[in-house]
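Architecture at a glance
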Amino acid sequence: RHSNNGKDDFRVGYVGKVFEIKPQSMLQYNGKIFAGAKSLKILDNYKNNNNIARFTDAIDWGWFSFLTKPISYAINWFYGYAGNFGLAIVAFTILMRLILFPLAHTSFKSMAKMKKLAPRMQMLKERFGDDRKKFSEALMKVYKEEKVNPLGGCFPILIQIPVFIALYWVIIESVEIRHAPFIGWINDLSSADPFFVLPVAMGISMYLQQKLNPPPTDEMQKKIFAALPFIFTFLFATFPSGLVLYWVTNNILSIAQQYIINKRVAAL
């Protein structure tokens, strides 16, 4: 690590059994140390050849290590076939969409029903005016009659948050992804998009996704939702391009799935 004072700073860490050394006694311990790039493949082979457990823990897996590890292995596995870490991230995103398909399908179906009920919800709002209590009671009655869960759209997002954080940790900690190119202008998936193409695409895809969702009944919520694509575009502009690629791909797949479900529900 290159420190601020211009000197190289080397750190060594040890994880293992704790030994007690009593007074007037001596303990001799033989261990092994690895010095080099923390490549997952190298560390994995070193563990297998020398029968050393948990040697891959030299990599900082972050808070969600139970997710970060399998995500790292999955992306490296896809890279073995694709030969490009950008395509590996896209393939991993598709895999995640397949895993979460049943949950997303139920969520999008509930949201499609809410979108279909939007005119009815607007009528209730006009009928009860500023009486929020009566409006909420009438709205919950409609949800119950139509078997709609208003919180259904939140579940896939909540599940995606740990995956998003774990993937972020994989990208910033993986030696393999550092300076790994994708296509054209993206020559480092671990750093921000230099021309902000992916963040803008993410903002546009988020806007299109909102158009497929039922509009909020509250005016303040409408303003907040309208501002979110712009806020997230500026926020994601500083994120690693590999992470933004994941989110853009995820949004595109979500839009396709939600569009098909909306069409089917509207035809009922």
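Summary of the structure given here. (Residues numbered from 1 in each chain as written. Predicted model: local features only at pLDDT ≥ 70, side-chain atom pairs only at ≥ 80, totals over all residues. Heavy atoms only, no water.)

Brief notes about the nonpolar core
To keep things clear, this is the line we draw: To form a nonpolar core, buried Ala, Val, Leu, Ile, Met, Phe, Trp, Tyr and Cys residues must be joined to one another through side-chain atoms within 4.5 Å. Throughout this description, buried means an accessible area under 20% of the type-specific maximum (1.4 Å probe, protein chains only), exposed means over 50%, and partly exposed covers the range between. In DSSP terms, a helix is any run of H or I states spanning at least four residues, a strand is any run of E spanning at least two, and both are numbered starting from the N terminus.
Residues Ile71, Ile75, Phe92 and Tyr246 are the most contacted members of the largest nonpolar core, which totals 31 residues. Of all the secondary-structure elements, those providing two or more residues to this core are α2 (65–82), α3 (85–99), α7 (154–173), α8 (197–212) and α10 (241–267). Counting 10 residues, the second-largest nonpolar core is a separate cluster that includes Leu117, Leu124, Phe135 and Ala138.

Thoughts on the side chain of Ser241
What counts is decided by this rule: Contacts were defined at the residue level, with two residues in contact if any of their heavy atoms lie within 4.5 Å.
Relative to the helices and strands, Ser241 is located in helix α10. By relative accessible area, Ser241 is classed as buried at 1%. Excluding its chain neighbours within four sequence positions, the residues that come into contact with Ser241 are Ile186, Asp188, Leu189, Ser191, Ala192, Asp193 and Leu198.

Comments concerning the side chain of Ser205
Note the cut-off: Definition of a polar contact: a pair of N or O atoms within 3.5 Å, with one able to donate and the other able to accept a hydrogen when the atoms are protein atoms, and with sequence-neighbouring residues admitted only if both atoms are side-chain atoms.
Mapped onto the secondary structure, Ser205 falls in helix α8. Within the local environment of Ser205, its side chain forms a polar contact with the side chain of Asn251, the two groups lying 3.0 Å apart. The residues touching Ser205, leaving out its near neighbours within four places in the chain, are Asn251 and Ile255.

Observations regarding the environment of Ile261
Within the secondary structure, Ile261 sits in helix α10. Residue classification places Ile261 among the buried residues on the basis of a relative accessible area of 5%. If sequence neighbours within four positions are ignored, Ile261 has contacts with His105, Phe108, Lys109 and Ala112.

Points about the packing of α3 against helix α4 (residues 101–116)
Where we set the bar: Axes here refer to lines fitted to C-alpha atoms; in helices the fit is confined to the stretch in contact. Angles between the N-to-C directions go from 0 to 180 degrees. Angles below 35 degrees are treated as roughly parallel, those above 145 as roughly antiparallel, those between 65 and 115 as roughly perpendicular, and all remaining angles as oblique. For this classification, the nonpolar set comprises Ala, Val, Leu, Ile, Met, Phe, Trp, Tyr, Cys and Pro, the charged set comprises Asp, Glu, Lys and Arg, and every other residue, Gly included, is treated as polar.
Taken N-terminus to C-terminus, the directions of α3 and α4 make an angle of 65°; their axes are 5 Å apart at the nearest point. Judged by the angle between their axes, α3 and α4 are roughly perpendicular. Together, Arg97, Leu98 and Ile99 of α3 and Phe101, Pro102, Ala104 and Phe108 of α4 make up the contact between the two elements. Residues of the contact of α3 with α4, tallied by class, amount to six nonpolar, no polar and one charged.

Observations concerning the packing of α4 against helix α5 (residues 118–128)
Close contact between α4 and α5 brings their axes to 4 Å; oriented N to C, the two are set at 55°. The orientation of α4 with respect to α5, classified from their angle, is oblique. Across from Met114, Lys115 and Lys116 in α4, the residues of α5 making contact are Ala118, Pro119 and Met121. Here the contact of α4 with α5 is composed, by residue class, of four nonpolar, no polar and two charged.

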